[in-house]
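# Secondary and tertiary structure notes
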Amino acid sequence: RKGTPVLNPSAAAQAIEPPEGSTAVGTGKGGVGKSTVAAHLAGESAAAGHRTLLICVTGQDDDDLGIKRFGRGVHPQGPSALDGEGLYRAIHDRVPLQPIREVRPNLDVLPGGPRVADIANVLMLRLMQEGPGVVLSLAYSLAPIAPLYDRVIFDSAPENDSLEQLVLAAARTLIVPTRSDDSSISGMERISKNFKVVKQQVNPYLQIAGAFLYGSNRSATLMHNAVRKQIRKTLGEGTPILDTIVGYREVPAVNARRKGLLFGEYAELLPTSASPYDVKAGRAEEADVVPETILPLAKEMRELTTEIFEHHRRVA
Ligand SMILES: Nc1ncnc2c1ncn2[C@@H]1O[C@H](COP(=O)(O)OP(=O)(O)OP(=O)(O)O)[C@@H](O)[C@H]1O
Ligand SMILES: [Mg+2]
């Protein structure tokens, strides 16, 4: 889809300062690793002792943290916060976000899911009555609880301008993962457009914290150099590009998610892993056989999240 996103420069929207330490993961393209990276950023931050909130503004509930599948966390009283319901209700009713608490020590989460798609409809209806300030809806629902947290990480929905803008209006920095293929590169044009429009009109605090290649062969350096050039062309010549590249390792990545475990947590199961023989005998599931490749994957992800946080400290 072409064209400029929906905000209208003539109507003045009331700006709201996003919390310090709030970061959106976004790329404008599906399936590049946004949710995986967002969950790991949040998990590492919490594990380091920072009070952390993860907000998943995405129609797909990947449940990397095992909230739904394994019932983790302390759920708010009343109606469910799962499947994007909590996010939807807060925005629809214009009330503070009520996250699922202590999904891990120090980590609270608002999960995404199918109900998130309806947020876009609410925004569209309100846009006509209230003007472009509606893009600040999430920022307003976050503001009352933001002081409880040291860090807020947003996962974003791809290929949906109004949901991308909703996230960008609530965050202080944007971090952009990409794969090396052309459609991932052109996906960055979408986030770049939304970035500009949101920064100009409602969130002057917003900054691009950096971009990085995700899920790529770590030794393809020539190709990576070409991709870096394209990233800078799309997001701006000054865009910082991170050094860490997390390799493409499908089996451990998919299995860890199935178990609702972050890579580091899944790697800890390696010593007590089931064997393929146990699976054949019906004593274990495929995902109970922890592949050795979880070790490099966990290590690379740790490097990436460390680099992202260090980089943010320098920028701040
Ligand atoms: N390093 C990796 N190597 C291979 N596969 C990975 C890696 N990290 C994550 N994956 C897998 O790639 C798929 C897409 O990842 P993810 O869901 O994080 O992307 P996304 O950008 O959030 O996608 P969407 O746009 O659909 O929300 C998932 O199946 C995930 O388990
Ligand atoms: Mg996702």
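Report follows, based on the coordinates. All chains use their own residue numbering, which begins from 1 and follows the written sequence. Think of it this way: whatever chain is written first is A, whatever ligand is written first is 1, and the rest follow in order. Only residues with pLDDT of at least 70 get local features here, since the model is predicted, and only at 80 or more are side-chain atom pairs given and counted; chain-wide, interface and lining totals rely on the full set of residues. Note that water and hydrogens are dropped before the side-chain values are worked out from all heavy atoms of the structure.

## Considering the environment of Ala139
- Helix and strand assignments follow DSSP, with helices taken as H or I runs no shorter than four residues and strands as E runs no shorter than two, numbered in order from the N terminus. In this fold, Ala139 is placed in helix H4 (residues 137-142).
- Here Ala139 falls in the buried class, since its relative accessible area comes to 7%.
- Note: C-alpha distance between Ala139 and Glu285 (146 residues apart in sequence) is 42 Å.
- In this analysis, two residues are considered to be in contact whenever any of their non-hydrogen atoms come within 4.5 Å of each other. Filtering out sequence-adjacent residues up to four positions away, Ala139 remains in contact with Ile16, Ala169 and Ala170. When a residue's accessible area, from a 1.4 Å probe over protein chains only, is under 20% of the maximum for its type it is buried; when over 50% it is exposed; and in between it is partly exposed.

## Notes on the site of ligand 1
- Proximity is defined per residue: any heavy atom of the residue falling within 4 Å of a molecule or strand makes that residue near it. Surrounding ligand 1, one finds 20 residues, the nearest of these being Lys34, Ser35, Thr36, Tyr214 and Arg249.
- Residue Arg257 places a side-chain N or O atom 3.0 Å away from an oxygen atom belonging to ligand 1.
- When isolated, ligand 1 has an accessible area of 630 Å², and the protein chains bury 86% of it.
- Listed by contribution, the elements that provide at least two residues to the shell around ligand 1 are helix H1 (34-47) and helix H8 (250-258).
- Among the elements that line the shell around ligand 1, the one with the most residues is H8, at 4 residues.
- Residue composition of the shell around ligand 1, grouped by class: 8 nonpolar, 7 polar and 5 charged. Counting of polar contacts relies on pairs of N or O atoms within 3.5 Å, with two restrictions inside protein: one atom must be capable of donating a hydrogen and the other of accepting it, and residues adjacent in sequence are counted only when both atoms are side-chain atoms. Accessibility throughout is a Shrake-Rupley quantity obtained with a 1.4 Å probe, and a residue counts as covered only by protein chains that appear here. Side-chain classes are defined by residue name, with Ala, Val, Leu, Ile, Met, Phe, Trp, Tyr, Cys and Pro counting as nonpolar, Asp, Glu, Lys and Arg as charged, and the others, Gly among them, as polar.

Bear in mind that shape data such as this cannot, by itself, settle questions of function.
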